[in-house]
Amino acid sequence: MEYTQLGRTGLKVSRLVLGTMNFGPQTDEATSHAIMDSALDAGLNFFDTANAYGWAENKGRTESIIGSWFAQGDGRRDKTVLATKVYANMAAEGDAWPNHDKLSALNIRRAVEASLKRLGTDYIDVYQFHHIDRATPFEEIWQAVDVLIQQGKVLYAGSSNFPGYKIAQANETAARRGSVGLVSEQCLYNLFERRAEMEVIPAAQEYGLGVIPWSPLHGGLLGGVLKKEAQGKRRSEGRAAATLADPASRARLQAYEDLLDKHGLEPGETALAWLLTRPGVTGPIVGPRTPEQLTSALRALEVELSEEVLSALDEIFPGPGPSPEAFAW
């Protein structure tokens, strides 16, 4: 396993991040525990979750599964760098109430206590804001986080789905307060979706945030979807189905799979390996539903992409270019 620093911090994390969103909704507790054990055995020490994972009537279920895994002992908690998130309304369906969501000091206090209880731990390594809160000033957010840091309940704060200007605003406000500020940004970033390169990733690099891409296979589209479709192994739904219905997008995916066939590369592993070459990226989130999917993701760490392949990938999936040149001169 390869390790790197999380942004400007001294925290060492694996270059792959174990995403747990499927634990509960699609993967039962026993299999989830097995996947986490395998991840630790492979040296993968950075686990990502969110208070809302489990969804609908089971919000919080994923954190509870992680908590029951920690409870098995054998150093599991100490070996894990744990990241969770706050923003979603955690009230039961039909029982929403003011101040039960977003980033007010009140909800942050309530949410962190609930997450700690579900996770069965007394601290969270990286506490992430799942979305921007347009109604709450960063002065209030940092006041709440600083109290949690002083109490030892949170070590670092991170963001998720923040635009570049909000990363700047958050950390400038933190600097004025003498607070540490954001140390990571979790954003949608993959070969197919590269808009983060324009503003988000440059802002993260400027302020010393580690970049943690989510959906590295773009909903499975970069995992060899056309070959699987031809073999009758996959039926795409939602965003993936809409993308495949677009002739131009389908042509790009075909060119991608043909390129990798030519070089003897596996699509999913290549998509992850490409992210590992990108400036500012700490490590992509992999969200296995099965132990076999985790094994496949780990192989990406051994994939070396030649300049020929990297150039061809840029031709198939061109990025937006740097800001402001991408939209100005």
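For clarity, every value in this text was computed on a predicted model and none was experimentally measured. All chains use their own residue numbering, which begins from 1 and follows the written sequence. Local features in a predicted model are, by the rule used here, given only for residues with pLDDT of at least 70; side-chain atom pairs are given and counted only at 80 or more, and totals for whole chains, interfaces and linings are based on all residues. Hydrogen atoms and water are omitted, and side-chain values are computed over all heavy atoms in the structure.

Caption draft 1: A look at the environment of Q151. In this text, helices come from DSSP runs of H or I with a minimum length of four residues, and strands from runs of E with a minimum of two, each type numbered from the N-terminal end. You can see Q151 is positioned in helix α5 (residues 138-151). It is 9.3 Å that separates the C-alpha atoms of Q151 and Y123, two residues lying 28 residues apart in sequence.

Caption draft 2: The arrangement of the pattern of salt bridges in detail. Note on definitions: salt bridges are taken to be side-chain nitrogens of Lys or Arg within 4 Å of carboxyl oxygens of Asp or Glu. Enumeration over the complete set of coordinates arrives at 15 salt bridges. Between D146 and R177 there is a salt bridge, and its shortest N-O distance comes to 3.0 Å. Here D146, found in helix α5, pairs with R177, found in helix α6 (residues 164-177); they are 31 residues apart in sequence, far enough to count as distant. Using a relative accessible area of 14% as the deciding quantity, one classes D146 as buried. Owing to a relative accessible area of 38%, R177 belongs among the partly exposed residues under this scheme. Of the charged contacts in the structure, one is a salt bridge between E269 and R299, with a shortest N-O distance of 2.8 Å. In this pair, E269 is assigned in helix α11 (residues 267-276) and R299 in helix α12 (residues 291-299), connecting sequence segments 30 residues apart. Exposure is judged per residue with a 1.4 Å probe applied to protein chains only, and the accessible area is read against the type maximum: over 50% gives exposed, under 20% gives buried, and values in between give partly exposed.

Caption draft 3: Layout of the side chain of R77. Summarising the element assignment, R77 is placed in helix α3 (residues 76-79). By relative accessible area, R77 is classed as buried at 11%. Non-local contacts of R77, meaning those with residues more than four positions away in its chain, are made with F70, L82, T121, Y123, I124 and D125. Here, two residues are considered to be in contact whenever any of their heavy atoms come within 4.5 Å of each other.

Caption draft 4: Inspection of the packing of helix α2 (residues 61-70) against helix α4 (residues 105-119) at higher detail. For the pair α2 and α4, the least separation of the axes is 6 Å and the interaxial angle reads 45°. Classified by the interaxial angle, the pair formed by α2 and α4 is oblique. Residues E63, S64, I66, G67 and F70 of α2 form the contact with α4, whose participating residues are S115, R118 and L119. Three classes are used: nonpolar for Ala, Val, Leu, Ile, Met, Phe, Trp, Tyr, Cys and Pro, charged for Asp, Glu, Lys and Arg, and polar for all others, with Gly counted as polar. Residues of the contact of α2 with α4, tallied by class, amount to three nonpolar, three polar and two charged. Geometry is summarised by axes, namely lines fitted to C-alpha atoms with helices restricted to the contacting stretch, and by angles between N-to-C directions that run from 0 to 180 degrees. Oblique is the label for every angle not falling under 35 degrees (roughly parallel), over 145 degrees (roughly antiparallel), or within 65 to 115 degrees (roughly perpendicular).

Caption draft 5: View of the packing of aromatic side chains. For Phe, Tyr and Trp, rings pair up if their centres lie within 6.5 Å, where Trp contributes its six-membered ring, and each pair is then called stacked (planes under 30 degrees apart), edge-to-face (over 60) or tilted (otherwise). Evaluated as defined, the whole model comprises eight aromatic pairs. Between F129 and W142, the ring centres sit 5.8 Å apart and the planes meet at 65°, which makes this aromatic pair edge-to-face. Linking F129 in strand β6 (residues 124-129) with W142 in helix α5, this pair joins segments that are 13 residues apart in sequence. With relative accessibility at 0%, the residue F129 sits in the buried group. Between F138 and F162 the ring centres are 6.4 Å apart and the planes differ by 55°, which places this aromatic pair in the tilted class. Residue F138 is located in helix α5, and its partner F162 is located in the loop between β7 (154-160) and α6; the two are separated by 24 residues in the primary sequence. Just as F138 is buried, F162 falls in that class too. Taken together, the ring pairs connect F47, W69 and F70 into an aromatic cluster.

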